[in-house]
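So the chains spell out like this:
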Amino acid sequence: MKLAIHGAAGRMGRRVTALAASDPRFEIVAAVDSPSSRDLGKDAGTLAGVDALGVQISGAGFADAEVVVDFSLPEPASAAVAACVADKTPLVLATTGFDAEQRAAIEAAGATVPLVWAPSMSPAVNMVMKLAETAGKALRGVPGGADVEIIERHHRFKEDAPSGTALRFGEIVANAMGLENQTHGRHGKTGVRSDNEVGYHAVRTGDNPGEHTIVFGMLGETIELKVAASGRDCYALGALQAAAWVVKQMPGVYGMADVLGL
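In what follows, the accompanying structure is described. (Residues numbered from 1 in each chain as written. Predicted model: local features only at pLDDT ≥ 70, side-chain atom pairs only at ≥ 80, totals over all residues. Heavy atoms only, no water.)

Turning next to the overall build of the protein chain. Regarding its fold elements, the protein chain presents eight helices and 12 strands. With the C-alpha coordinates aligned to their principal axes, the bounding extent of the protein chain is approximately 60 × 40 × 30 Å. The burial tally for the protein chain puts 48% of its 262 residues in the buried class. Within the protein chain, counting contacts between residues at least 6 apart in sequence, those at least 24 apart form 69% of the total. Side chains of the protein chain carry 23 positive and 30 negative charges; the gap between the two charge centres is 3 Å. (Helix = DSSP H or I, 4+ residues; strand = E, 2+ residues; numbered from the N terminus. Buried < 20%, exposed > 50% of the residue type's maximum accessible area, 1.4 Å probe, protein only. Contact = heavy atoms within 4.5 Å. Lys, Arg positive; Asp, Glu negative; His and termini not counted. Charge placed at Lys NZ, Arg CZ, Asp CG, Glu CD.)

This is the structure in structure tokens:
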């Protein structure tokens, strides 16, 4: 299928390019990045560290793509959503950090095109989300209570905190356990912990591609669910799996759980 990559000059875009170039399911027909990118005009394959593809990094346009994979930033990703709606092109949206208005526009796009929208394209992360939901339901109302804390670690270049994946973990657990409040970090004299909250802690170090730990703390015992990436390929491969899946779907907003059949 004909694939366009949006955010192609970024770290994730380059990995999607490199992996798609060797995947017989895909033909890369467009590689798009910011109009101000210093990589405009470069061959997308060469930039990704593989053989030249004959596709240059451009500032706009998805050519005749049959599916678009987006790893970018909220504003350009929103523009990509609008372009896909106009062209009725299926989309895999891996960007996080959208505001309420942008999120509403993405939801509305599902009336016209099929799109997979997920805070993490990692199959393992999405499997652990299912486990977190199961644990949350089992621990709801447990004698003595269960405290939930989410610790996430990412590279120093990440611009949003907590990560979209951490927030999704929190949403899943809060729904399963009936928790209503959020606490983001702690300092000073905070007083006794509330039994009606999810706590978030964001760590930014080096080139860490992503770790999430969900802690369920009871009296006398603790459960921890942890998922960690050792590189970015898990996200790129998940996005390509989603791209191959979404082109066969009717319009709607889907998640990676749908792609994986969870």
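Before going further, it helps to examine the nonpolar core. Nonpolar side chains in soluble globular proteins tend to end up buried together. Within the largest apolar cluster, 35 residues are counted, with the highest numbers of intra-cluster contacts made by Leu-3, Val-69, Phe-71, Val-92, Val-116 and Met-121. The element that contributes the greatest number of residues to this core is helix H7 (residues 233–246), accounting for eight residues. Apart from residues lying up to four places away in sequence, Phe-71 is in contact with His-6, Gly-7, Met-12, Gly-13, Val-16, Ala-94, Thr-95, Met-121, Tyr-235 and Ala-239. Ala-166, Ile-172, Ala-176 and Leu-225 belong to the second largest nonpolar core, which has 24 residues in total. (Core = buried A, V, L, I, M, F, W, Y, C linked by side-chain atoms within 4.5 Å.)

Throughout the structure, instances matching the rule amount to 17 salt bridges. The closest approach of N and O atoms between Asp-39 and Arg-14, which form a salt bridge, is 3.5 Å. Pair noted here: Asp-39 is in the loop between strand E2 (27–32) and helix H2 (44–48) and Arg-14 is in helix H1 (residues 11–21), with a separation of 25 residues, a long-range link. The residue Lys-42 makes a salt bridge to Asp-39 at a minimum N-O spacing of 2.8 Å. Exposure remark for Lys-42: the relative accessible area of 40% places this residue in the partly exposed category. Using a relative accessible area of 7% as the deciding quantity, one classes Asp-39 as buried. Each of Asp-147, Glu-149, Arg-186, Arg-193 and Glu-197 takes part in one network of salt bridges that share partners. (Salt bridge = Lys/Arg side-chain N within 4 Å of Asp/Glu carboxyl O.)

Moving on to the pairing of strand E4 (residues 67–70). Here is the key point about a regular strand: its side chains alternate between the two faces of the sheet. Burial of the side chains of E4 extends over both faces: Val-67 and Val-69 are buried on one face and Val-68 and Asp-70 on the other. With four bridges joining them, strand E1 (residues 2–6) and E4 adopt parallel strand pairing. The partner of Ala-4 across the bridge, within E4, is Val-68. Pairing analysis gives three bridges linking E4 to strand E5 (residues 91–93), with the strands arranged parallel. Counted as the bridge partner of Val-69 is Val-92 from E5. (Pairing = 2+ DSSP bridges.)

Now for the environment of Phe-98. Mapped onto the elements of the fold, Phe-98 is located in the loop between E5 and helix H4 (100–109). Judged by its relative accessible area of 10%, Phe-98 is buried. For the pair Phe-98 and Val-247, spaced 149 residues apart in sequence, the C-alpha to C-alpha distance is 24 Å. Once residues lying within four places of it in the same chain are set aside, the contact partners of Phe-98 are Pro-74, Ala-77, Ser-78, Leu-93, Arg-103, Ile-106 and Trp-117.

By the secondary structure assignment, Asp-70 is in strand E4. Judged by its relative accessible area of 0%, Asp-70 is buried. Expressed as a C-alpha distance, the spacing of Asp-70 and Ala-8, which sit 62 residues apart in the sequence, is 8.3 Å. A polar atom in the side chain of Asp-70 sits 2.5 Å from the side chain of His-6. Of the polar contacts made by the side chain of Asp-70, one reaches the side chain of Thr-95; its length is 2.5 Å. (Polar contact = N/O pair within 3.5 Å; in protein donor to acceptor, adjacent residues only side chain to side chain.)

Our next topic: the packing of aromatic side chains. The geometry of two aromatic rings is summed up by the distance between their centres and the angle between their planes. With the rule as written, the count across this model stands at two aromatic pairs. Between the aromatic rings of Phe-98 and Trp-117, the centroid separation amounts to 6.1 Å while the plane-to-plane angle is 80 degrees, which identifies the pairing as edge-to-face. Here Phe-98, found in the loop between E5 and H4, pairs with Trp-117, found in strand E6 (residues 114–117); they are 19 residues apart in sequence, far enough to count as distant. An identical accessibility class is assigned to Phe-98 and Trp-117; each is buried. Look at Trp-245 and Tyr-254: their rings are 5.1 Å apart centre to centre, the planes differ by 85 degrees, and that puts the pair in the edge-to-face class. (Phe/Tyr/Trp six-rings, centres within 6.5 Å; stacked < 30°, edge-to-face > 60°.)

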